[in-house]
Structures are given as C-alpha cells and as structure tokens.
Amino acid sequence: LVPLQDPLAMHRMYLPSAFLALAAAPVLASLPWLRAAWVPAAVLLSVQAAQAWASPVLLLKNDLRMAPAKLRVHSNLAHSYLALARGTGDPAHYAGAERVIRRSLRIRQRPEQYRDLAYAAYERGDDAAALEALARALALRPDRPDCLVLQGYALIRSGRWREGEAALARARVLYCPAP
C-alpha cells in the first residue's frame with residue numbers, strides 16, 4: 001500500500017490553477033508588455049511540475065518543503081530513497097534515506113524511524129549502525145517483532161549467533177504466540 005494522500009493533498013490545487021490561468025489569459029493577453037511573457041512562464045511552470053511529479057523522490061522533497069513537520073512525508077521520502085537504492089544499486093540513496101530519517105528524529109522519536117534507519121544501515125552492510133538504531137527502537141517499544149527480526153539478522157551476520165538466534169526466537173513468540 002502506497003500512502004498517496006499526502007502528495008494528492010499537497011498538489012490538489014494543480015488543476016484549479018490551470019483553470020485560473022485559462023481565465024486570466026484574456027486579461028494577460030490584453031496587456032502588451034505581458035503578452036510575450038505569460039505563455040513561456042506557464043510552460044516553464046508546467047514543465048517543472050511534470051519533472052517533479054515524474055520522480056517520487058522529487059515529489060516528496062517538494063512535499064517536505066511544504067510540510068517540514070509531517071512525519072509521514074519524512075517516512076515516505078525515506079522509503080522512496082530506500083526503494084531507489086534497492087532498484088539502482090546506488091549506495092548514495094541510503095545516505096539520502098538516513099539524512100531524512102535523522103531530520104525526522106528531531107521532530108519526534110518513534111520506533112519506526114529507528115527501524116527504517118536500521119534497514120538503511122543493514123542494507124549498506126553496516127551492522128553496527130543497524131544494531132545501534134535497533135537498540136533505540138526496541139528501547140522505545142520492546143515488543144516490535146520486525147525490529148527483533150532485523151536485529152537477529154544483523155547479529156547473525158556480524159557473527160553473534162547466539163544473540164541473533166535469541167532475538168529471532170523472541171520475534172517468533174511475538175508473531176506467533178502460543179495458543
């Protein structure tokens with residue numbers, strides 16, 4: 001499920017703006033000094049909007065500029081960076097995700113943000129940073145099986161088998177409690 005309500009809400013004025021431009025066209029055309037400038041300006045604005053909408057990262061960066069305190073926009077942008085990193089193999093996108101998540105942590109600290117930070121670190125191979133972020137996530141909410149699973153994988157990959165198995169066993173109990 002892709003939460004589209006933020007981008008749609010942020011850009012819901014695009015179509016009405018186009019109709020406003022059409023209504024203003026006769027007025028603008030009647031002014032000789034604006035006659036030559038309003039069409040290229042409208043085209044330029046439309047091209048910029050199309051470029052921004054072509055990339056989820058650019059669209060969400062724009063949303064973040066308009067709503068810098070919304071955690072959902074931060075999360076969506078971080079997830080877009082992670083998807084881009086997975087799709088392209090470019091590790092620079094992990095840094096983009098981590099930068100956005102760290103910025104969101106200044107607004108409010110939630111376990112999901114630390115989990116996403118851990119995913120970014122884990123996927124780029126930094127188990128120590130992943131484990132540090134997961135420790136913070138689990139300190140906020142110790143009953144997060146998704147964090148325990150990732151913690152188990154990071155511990156096993158870093159050679160700490162017993163601790164990793166224990167984390168995975170705790171996650172299994174939380175996912176599938178005994179009847």
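Quantities reported herein were computed from a predicted structural model and do not represent experimental measurements. (Residues numbered from 1 in each chain as written. Predicted model: local features only at pLDDT ≥ 70, side-chain atom pairs only at ≥ 80, totals over all residues. Heavy atoms only, no water.)

From N to C terminus, the chain includes eleven helices and zero strands. Counting from the amino terminus, the chain carries its helices and strands in the arrangement α-α-α-α-α-α-α-α-α-α-α. Counting over 179 residues, the chain shows a buried share of 35%. Residue pairs in contact within the chain that sit at least 24 positions apart in sequence constitute 48% of those at least 6 positions apart. On the chain, roughly 11,100 Å² of surface is accessible, and the fraction owed to carbon and sulfur atoms is 64%. (Helix = DSSP H or I, 4+ residues; strand = E, 2+ residues; numbered from the N terminus. Buried < 20%, exposed > 50% of the residue type's maximum accessible area, 1.4 Å probe, protein only. Contact = heavy atoms within 4.5 Å. Areas by Shrake-Rupley, 256 points an atom, 1.4 Å probe, with all protein chains shown as cover.)

Where helix α10 (residues 145–157) contacts helix α11 (residues 161–175), the axes come no closer than 7 Å and their chain directions differ by 160°. Between α10 and α11, the angle is such that the two are roughly antiparallel. Between α10 and α11 lies a crossing of left-handed hand. For the pair formed by α10 and α11, the contact residues are P145, D146, L148, V149, Q151, G152, Y153, L155 and I156 on the first element and W161, E163, G164, E165, A167, L168, R170, A171, L174 and Y175 on the second. Looking at side-chain class alone, the contact of α10 with α11 contains twelve nonpolar, three polar and four charged residues. (Axes fitted to C-alpha atoms, helices over the stretch in contact; angles between N-to-C directions. Parallel < 35°, antiparallel > 145°, perpendicular 65-115°, else oblique. Left-handed = near helix turned anticlockwise from the far one by under 90°. Nonpolar A, V, L, I, M, F, W, Y, C, P; charged D, E, K, R; others polar.)

A few words now on a positive patch on the surface. Taken together, the side chains of K61, R65, R99, R103 and R106 present a region of like positive charge at the surface. Locating R106 in the fold gives a position in the loop between α7 (92–105) and α8 (111–123). (Patch = residues over 30% accessible without salt bridge, like charges linked within 9 Å, V, L, I, M, F, W, Y side chains within 5 Å. Salt bridge = Lys/Arg side-chain N within 4 Å of Asp/Glu carboxyl O. Lys, Arg positive; Asp, Glu negative; His and termini not counted. Charge placed at Lys NZ, Arg CZ, Asp CG, Glu CD.)

Proximity of charged atoms lets side chains of opposite charge pair with each other. According to the stated counting rule, one finds eleven salt bridges in the structure shown. For the salt bridge of E112 with R110, the shortest nitrogen-to-oxygen distance reads 3.7 Å. E112 gets classed as partly exposed once you look at its relative accessible area, which sits at 22%. Classification of R110 by relative accessible area gives partly exposed; the value is 35%. Across the salt bridge formed by D116 and R115, the nearest N and O atoms sit 3.1 Å from each other. Each member of the pair, D116 as well as R115, is classed as buried. Each member of the salt-bridge network shares a partner with another, and the members are R110, E112, R115, D116, R144 and D146.

Take helix α5 (residues 56–66) next. Every buried residue of α5 is accounted for by V57, L59, L60, D63 and L64. The buried residues of α5 occupy an angular sector of 160° when the element is viewed end-on, so they sit on one face. (Arc of directions from axis to C-beta.)

It is worth spelling out the nonpolar core at this point. Among the nonpolar cores identified, the biggest contains 34 residues, and L77, Y81, L117 and A118 are the most heavily contacted of them. Listing elements by their share of this core, those giving two or more residues are α5, α6 (71–88), α7, α8, α9 (127–140), α10 and α11. In contact with L77, not counting residues within four places along its chain, are V57, L60, K61, L64 and V100. (Core = buried A, V, L, I, M, F, W, Y, C linked by side-chain atoms within 4.5 Å.)

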